[in-house]
Structure formats: structure tokens, C-alpha cells
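Chains, contacts and geometry: an overview
In case you want the letters, here they are:
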Amino acid sequence: MTGPSHIVEGDQAAASLQLDAYLPYRLSVASNAVSGLIARAYEDRFALSVPQWRLICVLAEDGGKTQREIVDRTVMDKVTVSRAARGLSARRLIGRSENRADGRSHVLSLTEEGRRLHAEIAPLALAYEAALICGLAPAEVAQLKRLLARLQHAAGTLAGGAAPLADPGLTGL
């Protein structure tokens, strides 16, 4: 088994593993619950999947990006980004233009309709976030964001490549 030397192996690890106390499981369950809640709202009201909404947000925040840049920014796999882009393109929410830096790829950007949709959904997304964190103090929210960034970085490091922090201001490593 590869990985950090302090990882417990074999029967001792199996005996001490309690799923509800296992942080990767808890993170996954929490993420699935939040994503599922928000996905239903996006799907029902706007006919968007979560990957499509993420792609729209990236393009709204960053401007034109290649699919590779979107994969890197969102940590979604290539196939998911490609499917999301095809669906958004078919709805004329994004456009494709030649990538002058690399003729083998295209730059994706929001169309006017895509920008309008983002402007309509963003307040709903922020309202969901506010409802999710309403029981937390602002300092707790800031700490949670820092801790999540650190966990993402640690996961990237363990996977063999340092994952970029989601927000460079959340270093505290």
C-alpha cells in the first residue's frame, strides 16, 4: 500500500474504521446532500445540471476559457465538462471561438442569453448558500472555507499533484 507512513494498515484499520466518523465519508455525504438540493432547483427551474451551472459560473467569473482550463478550475473530469459544454452550446448559452494560442482547442464563453441566465440564477444560489450557513457565525464560515481549501490541497498532494487552493486568500497551510 502506498501513501503516508502513518496510515494504519490491515486488521487494526478495519477494526477502528467507523463510517460515520470517517471524514471522507462525511464530506461526501454532506456534498451529495448540498449538491442534490441545489441540483433539483437548477434542474426544475432552469433545466440545468450542476456541471452546467458550474461551467456557467466559471465563464461568468473568468471570461472565456478552454475546456481544459475549466477542467482544471472546477476539478470536474473532461467528459463531464464536454457534456455540459455541448448541452449549453445547444441551448445557445455558450459560444465557441478559435483558441488563438492553441488551434487544437476552442475558447468557450457565455452568450448574452448565458449572461442573463447567470444573472437570474446567481441570487438563488446565494440564497441557498445563506440558508445553509445561517446557523454558523461568520468566523465559523471563514474557518470552514479555510479548512476545506486545506483538505482539497492535501488531497491533491496525496494524489501526486498539489491541487490549487480554491481561493488563494485561503492559504493558512
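Everything numeric here is computed off the predicted structure, so don't read it as measured data.

Parameters and conventions
- Residues numbered from 1 in each chain as written.
- Predicted model: local features only at pLDDT ≥ 70, side-chain atom pairs only at ≥ 80, totals over all residues.
- Heavy atoms only, no water.
- Helix = DSSP H or I, 4+ residues; strand = E, 2+ residues; numbered from the N terminus.
- Buried < 20%, exposed > 50% of the residue type's maximum accessible area, 1.4 Å probe, protein only.
- pLDDT = per-residue confidence, 0-100.
- Contact = heavy atoms within 4.5 Å.
- Pairing = 2+ DSSP bridges.
- Axes fitted to C-alpha atoms, helices over the stretch in contact; angles between N-to-C directions.
- Parallel < 35°, antiparallel > 145°, perpendicular 65-115°, else oblique.
- Left-handed = near helix turned anticlockwise from the far one by under 90°.
- Nonpolar A, V, L, I, M, F, W, Y, C, P; charged D, E, K, R; others polar.

**What to know about unusual backbone geometry**
Located in the positive-phi region is Ala47, a residue other than glycine, with phi close to 55°. You can see Ala47 is positioned in the loop between helix H2 (23-46) and helix H3 (50-62). By relative accessible area, Ala47 is classed as partly exposed at 44%. If you check the backbone angles, Arg92 has positive phi at about 60° while not being a glycine. Mapped onto the fold, Arg92 is located in the loop between helix H5 (78-90) and strand S2 (94-98). Here Arg92 falls in the exposed class, since its relative accessible area comes to 64%.

**A word on the confidence of the model for the protein chain**
Per-chain confidence: the protein chain averages 86 in pLDDT, with 84% of residues scoring 70 or above. The least confident element of the protein chain is helix H1 (residues 10-16), whose mean pLDDT is 67; the most confident is H5, at 97. For residues 168-173, every residue scores under 50 in pLDDT, and the model assigns this stretch 10 contacts once sequence neighbours within four places are set aside.

**Here's the deal with the sheet that holds strand S3 (residues 106-110)**
The antiparallel open sheet is built from 3 strands, whose spatial order is S1-S3-S2. The open sheet has two edge strands with one neighbour each: strand S1 (65-66) and S2. Sheet topology places S1 next to S3; 2 bridges connect them, and they run antiparallel. Across the sheet, Thr66 pairs through a bridge with Val107, a residue of S3. Lying on the sheet, H5 is in contact with S2 and S3; it crosses S2 at an angle near 105°.

**Overview of the packing of helix H4 (residues 67-74) against H5**
Remark: H4 packs on H5, axes separated minimally by 9 Å, with the N-to-C direction vectors making an angle of 120°. Regarding the angle of H4 to H5, the classification is oblique. The crossing of H4 and H5 is right-handed. Contact with H4, carried on its side by Gln67, Arg68, Ile70, Val71 and Thr74, involves Lys78, Val81, Ser82 and Ala85 of H5 and no other residues of that element. A per-class count over the contact of H4 with H5 returns 4 nonpolar, 3 polar and 2 charged.

**What to know about the packing of H3 against helix H6 (residues 112-133)**
Two elements in contact, H3 and H6, have axes whose closest approach is 10 Å; the angle formed by their N-to-C orientations is 105°. Classed by the angle they form, the pair H3 and H6 counts as roughly perpendicular. Contact residues: Trp53, Ile56, Cys57 and Ala60 in H3; Gly114, Leu117, His118, Ile121, Ala122 and Ala125 in H6.

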